[in-house]
Amino acid sequence: MNSLLPPLHNIFVSQLPADPNTVNNSRSIEHAAYSLVAPTPTKTSTIICCNNELASQLGFTEAALTSLAFAELITGNNIQPEIQSYAMNYGGHQFGQWAGQLGDGRAINLGQYLLNDKYVTLQLKGAGQTPYSRHADGMAVLRSSIREYLCSEAMYHLGIPTTRALTLSLTGEEVIRDKLYDGQAAYEPCAIVARVSPSFLRFGSIQLPSSRGDISLLKQTVEYSIRNDFPELIENAEHIDKSVYLNWFNRICERTAYLIVEWMRVGFVHGVLNTDNMSLIGETIDYGPYGWIDNFDLNWTPNTSDAAEKRYRFGQQAYIGQWNLFQLANAIYPLIDEAKPLQDILNNYNQVYQQQWLTMMRSKLGISNATECKEQHSHLTETDLSLCQDLEKILSLVSTDMTLFYRSLAKLDGEVDVTNYATLNSHFSECFYDKNTVDSIYLSKLSEWLLRYQQRLTLSDMTKSYRVQLMNATNPCYILRNFQVQEAIELAESGDFSRVLLLAELLKKPYQQQTKYQQFEIKRPDWATNKFGCSALSCSS
Ligand code: AMP
Ligand code: MG
C-alpha cells in the first residue's frame, strides 16, 4: 500500500457478481456486472490539469499530489495489490436501436474513495483495452479528453449535476483517428481523464441483464443502486420490495427531468443521449460530441453522425429523456409485473419537466424565484408560460446569442422605453449574429414582447437589484463556447496547455463577470461558424 495516497475501497466489486474469466479479450459476458481488468501501462504519466479542490476533498495532500505515485495512479501505472480494478458491463439503445452489450471499452474503475462520508468511484477514461473494447483500442485522444475535463468542470461550477474530472494526463502514446470521418486518418496524442462520480451505472446497466432474461443480475443491480445511491428510499423499509423499486424509478425520472431542464437553462446539447450515456443518478455523463448553444436554435445538434435525423437536437432533449426512461421502465418491468404504475410515473415525468422548466425560465427572466413559484397564483402560470414560449420564438426569429441575450436582458432597465426601436437595437446589438436581419418587423416583435415582460415585472414583489441578482445567478456570463474549447485544443496539440488551464480557471466562476477575462465574453466569431470543432463534431474520440 502507498501510504501517501488515500485508500481505495472495493465497494462495487464486493457487492455485485464478477465475470469469472479474467482474460482480457473482447467477448460477450453474461451473469456479471463487471470484469476485473488492469489498465494498460503507459509510456509517461504527465499531468496537465489537476483539480486540486476535488483532490483535497478526496483526501489527497499537497505532498501526495506532487508525488510520482499520484501521477502513476491516475494514469493506471500504480495498481497496488489491494486495488481490484474493473470495467463495467452494460448495454444500450444507440440512436433508437438496441445495440446489445457495450460496457466500459476504455474506462477502468480503480475503486471507491470516501467523499463527505459517501463513496465515489475513481474511473480512468482512456486506460486501455478491456473485455468490452470490441474492435477498438481502449484509448482516448487528447482533444476529446480536454473536452471532457473542461466541460464536466464547467458543468459542475454552473451547478448542474455531472461526473467530475480529477486530472487530465498525457500518456506518451499515440493512436490513429479519422476525426472528420473523411478518410484522412492521422496519429493523435493519447490522454487519460481520471473522473469521479458517486455512480457510473447507466440505464444500460439495468437494460442489459433484463434483455438477457437474467432476473437475478437485474435485481442485484437495481438493489445495488438503491442501497448505494438512493439509501433514503429504504430508511424505513423492512426489505426492498416492489414499492421501493417504483420509488427508485420515480426518483430517476425526476432527476432526469431536472437535469435536462438545467441543460436547457445554459444551452447545453449532450449530442449522444443513448441509454448507455444516461446516468442512473441523473448526472451529465460521457462528454462526447456535445455542444453549447451560441445562436438560440432548438433544432441544433453538434453531432455530425446525427446531422440528418437530429434525434439529439437541443429542443428534443426532454422528449429523448422520456424515451430513454421508457426503455428503463421496460427493463425493470420483470420486477414490477404491472404496466400501470410504470406508465403513471412516465406520464408524471412530463408534468415534472414542465413545472421545472417554468420555474427555471421564471428565474432566467427574473420574474419570480423558486420559492415564489411555489406560492404563485395559478392564474399567472398561463401568462408566464406563454411569455417564456414566445420569447423562444423571438430568439429564433433572427440569429441571437442565447448567453449574451439573457445577460443583456438583465441590464435592461424595467422603465426603459421599449417602444423605441433605436434604443432596443443598440441595447441588444452585441447579441445579434447578423445585424442586417434586425429589421423593423423583428424589432416590433421584440418590442411587443418586452412590453409584456415589463408589465409582468410590475406584478412581482422583487426589488430591481434582487431581480438582476437572480437573473445573473441563473444566466451564466461564461459558458464553454465551442470555438473557445477548440482554440484551447489546437494550442494544446502544439504543446501549449496555458489556454486549457485558463478556461478551467475562468469557468470556476461562470456567473461572475471577470474583468481580466473580458475577451472571453463574446459571441462566436464569424470564422468559427462552419469550422470543425466549433460548429459540429464527429463521435471520433
Ligand atoms: P461512447 O460513444 O463514448 O459513449 O462509447 C460507446 C461505446 O463504445 C462504449 O461501450 C465505449 O466504451 C466504447 N468505446 C468508445 N471508444 C472506444 C475506444 N477507443 N476503445 C474501446 N471502446 C470504445
Ligand atoms: Mg458512453
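All values reported here derive from a predicted model rather than from experimental measurement.

Concerning the overall build of the chain
Inference 1: Each helix and strand counted, the chain has 18 helices and 12 strands in total.
Inference 2: The C-alpha atoms of the chain give 24 Å as radius of gyration, which agrees with the globular expectation for 541 residues (24 Å, within 12%).
Inference 3: Dimensions of the chain along its principal axes, counting C-alpha atoms only, are 75 × 55 × 45 Å.
Inference 4: Put simply, the chain shows about 22000 Å² of open surface, and 50% of that area lies on carbon and sulfur atoms.

Description of the coordination of the magnesium ion (ligand 2)
Inference 1: Bound to the magnesium ion (ligand 2) on the protein side are Asn277 (OD1) and Asp286 (OD), at distances that span 2.0 to 2.2 Å.
Inference 2: On the basis of relative accessibility, which here comes to 10%, the residue Asn277 falls in the buried class.

Focus: the domain arrangement of the chain
Inference 1: Looking at the assigned domains, one finds that the chain contains domain 1 (11–200), domain 2 (205–362), domain 3 (375–461) and domain 4 (482–528).
Inference 2: Computed from C-alpha atoms alone, the centre-to-centre distance between domain 1 and domain 4 is 25 Å.
Inference 3: Facing 13 residues of domain 1, the contacting portion of domain 4 comprises 13 residues.
Inference 4: In total, about 1300 Å² of surface goes out of reach between domain 1 and domain 4, with carbon and sulfur atoms giving 76% of it.
Inference 5: Where domain 1 meets domain 4, there are one salt bridge.
Inference 6: Across the pair Glu53 and Lys508 runs a salt bridge whose closest N-O atoms are separated by 3.3 Å.
Inference 7: Counting across the domain 1 and domain 4 interface gives two residue pairs in polar contact (both at pLDDT 80 or more).
Inference 8: Broken down by secondary-structure element, the contributors of at least two residues to the side of domain 1 that touches domain 4 are strand E2 (46–50) and helix H5 (142–157).
Inference 9: Residue contributions to the side of domain 1 that touches domain 4 peak at seven residues, all from H5.

Quick look at the site of ligand 1
Inference 1: Around ligand 1, the structure places 15 residues, and the nearest of them are Gly103, Gly105, Arg134, Gly138 and Asn277.
Inference 2: Coverage of ligand 1 by the protein chains reaches 80% of its 480 Å² of free accessible surface.
Inference 3: In the shell around ligand 1, the residues fall into three nonpolar, five polar and seven charged.
Inference 4: Taken domain by domain, the shell around ligand 1 gets at least three of its residues from each of domain 1 (11–200) and domain 2 (205–362).

Brief notes about the side chain of Gln316
Inference 1: Residue position: Gln316 is located in the loop between strand E12 (291–292) and helix H9 (317–336).
Inference 2: Take Gln316: its relative accessible area is 17%, and that puts it in the buried class.

Some details on the pattern of salt bridges
Inference 1: If you walk through the whole model with that rule in mind, you get 27 salt bridges.
Inference 2: For Arg452, the salt bridge is made with Asp390, and the minimal N-O distance between the two is 3.0 Å. Here the residue Arg452 occupies a position in helix H15 (residues 440–457), and Asp390 occupies one in helix H12 (residues 379–397), the gap between them amounting to 62 residues.
Inference 3: Residue Arg452 is classed as partly exposed on the basis of its relative accessible area, which comes to 35%.

Here we look at the packing of aromatic side chains
Inference 1: Inspection of the entire model under this criterion finds 20 aromatic pairs.
Inference 2: Their ring planes at 15° and their centres at 5.2 Å tell us that Trp449 and Tyr453 sit as a pair that is stacked. Here Trp449 pairs with Tyr453, and both are found in helix H15, just four residues apart, close to one helical turn.
Inference 3: Measuring from centroid to centroid gives 5.8 Å for Phe483 and Trp527, while their planes differ by 90°, and the two rings are edge-to-face. Separated by 44 residues along the polypeptide, Phe483 in helix H17 (residues 482–493) and Trp527 in the segment after helix H18 (498–506) bring together distant segments of the chain.
Inference 4: Accessibility expressed as a relative area gives 3% for Phe483, which makes it buried.
Inference 5: Trp527 gets classed as partly exposed once you look at its relative accessible area, which sits at 46%.
Inference 6: Ring-pair connections join several aromatic residues into one group, and the members of that group are Trp263, Phe268, Tyr287, Tyr290 and Trp292.
Inference 7: The aromatic ring of Tyr406 is capped on one face by Lys364, whose charged end is 4.1 Å from the ring centroid.

Quick word on the packing of H12 against H15
How two helices pack is summed up by the angle between their axes together with the distance between the axes.
Inference 1: The geometry of H12 relative to H15 is characterised by a closest axis approach of 10 Å and an angle of 155° between their N-to-C directions. As far as their axial angle goes, H15 and H12 are roughly antiparallel. Helix-helix and strand crossings are classified by hand; for H12 and H15 the assignment is left-handed. Residues Leu380, Asp384, Ser386, Leu387, Asp390, Leu391, Ile394 and Leu397 of H12 form the contact with H15, whose participating residues are Tyr442, Lys445, Leu446, Trp449, Arg452, Tyr453 and Arg456.
Inference 2: Here the residues of the contact of H12 with H15 are counted per class, giving nine nonpolar, one polar and five charged.

Topic: the environment of Gln327
Inference 1: Note that Gln327 resides in helix H9.
Inference 2: Separated by 124 residues in sequence, Gln327 and Phe203 place their C-alpha atoms 8.2 Å apart.

Quick notes on the environment of Leu65
Inference 1: Along the polypeptide, Leu65 turns up in helix H3 (residues 62–65).
Inference 2: Sequence separation between Leu65 and Leu5 is 60 residues; the distance between their C-alpha atoms is 8.7 Å.
Inference 3: In contact with Leu65, other than residues within four places in its own chain, are Cys50, Asn52, Ala55, Phe60 and Phe70.

Focus: the packing of H9 against helix H10 (residues 340–365)
Inference 1: Where H9 contacts H10, the two axes come as close as 10 Å, and the packing angle between them is 160°. Judged on the interaxial angle alone, H10 and H9 are roughly antiparallel. Here the hand of the crossing between H9 and H10 comes out right-handed. Residues Ala318, Gly321, Gln322, Leu325, Phe326, Ala329, Ile332, Tyr333 and Ile336 of H9 lie in contact with H10, whose contacting residues are Pro341, Leu342, Gln343, Leu346, Tyr349, Asn350 and Tyr353.
Inference 2: A per-class count over the contact of H9 with H10 returns 12 nonpolar, four polar and no charged.

Rules used throughout
Residues numbered from 1 in each chain as written. Chains lettered and ligands numbered in written order. Predicted model: local features only at pLDDT ≥ 70, side-chain atom pairs only at ≥ 80, totals over all residues. Heavy atoms only, no water. Helix = DSSP H or I, 4+ residues; strand = E, 2+ residues; numbered from the N terminus. Rg over C-alpha atoms; globule rule 2.2 N^0.38 Å. Areas by Shrake-Rupley, 256 points an atom, 1.4 Å probe, with all protein chains shown as cover. Donors = N, O, S within 2.8 Å, 3.2 Å for Na, K, Ca; no water. Buried < 20%, exposed > 50% of the residue type's maximum accessible area, 1.4 Å probe, protein only. Domains from an automatic or database assignment. Contact = heavy atoms within 4.5 Å. Buried area = accessible area lost by both parts, 1.4 Å probe. Salt bridge = Lys/Arg side-chain N within 4 Å of Asp/Glu carboxyl O. Polar contact = N/O pair within 3.5 Å; in protein donor to acceptor, adjacent residues only side chain to side chain. Near = heavy atom within 4 Å. Nonpolar A, V, L, I, M, F, W, Y, C, P; charged D, E, K, R; others polar. Phe/Tyr/Trp six-rings, centres within 6.5 Å; stacked < 30°, edge-to-face > 60°. Lys NZ or Arg CZ within 6 Å of the ring centre and 35° of its normal. Axes fitted to C-alpha atoms, helices over the stretch in contact; angles between N-to-C directions. Parallel < 35°, antiparallel > 145°, perpendicular 65-115°, else oblique. Left-handed = near helix turned anticlockwise from the far one by under 90°.

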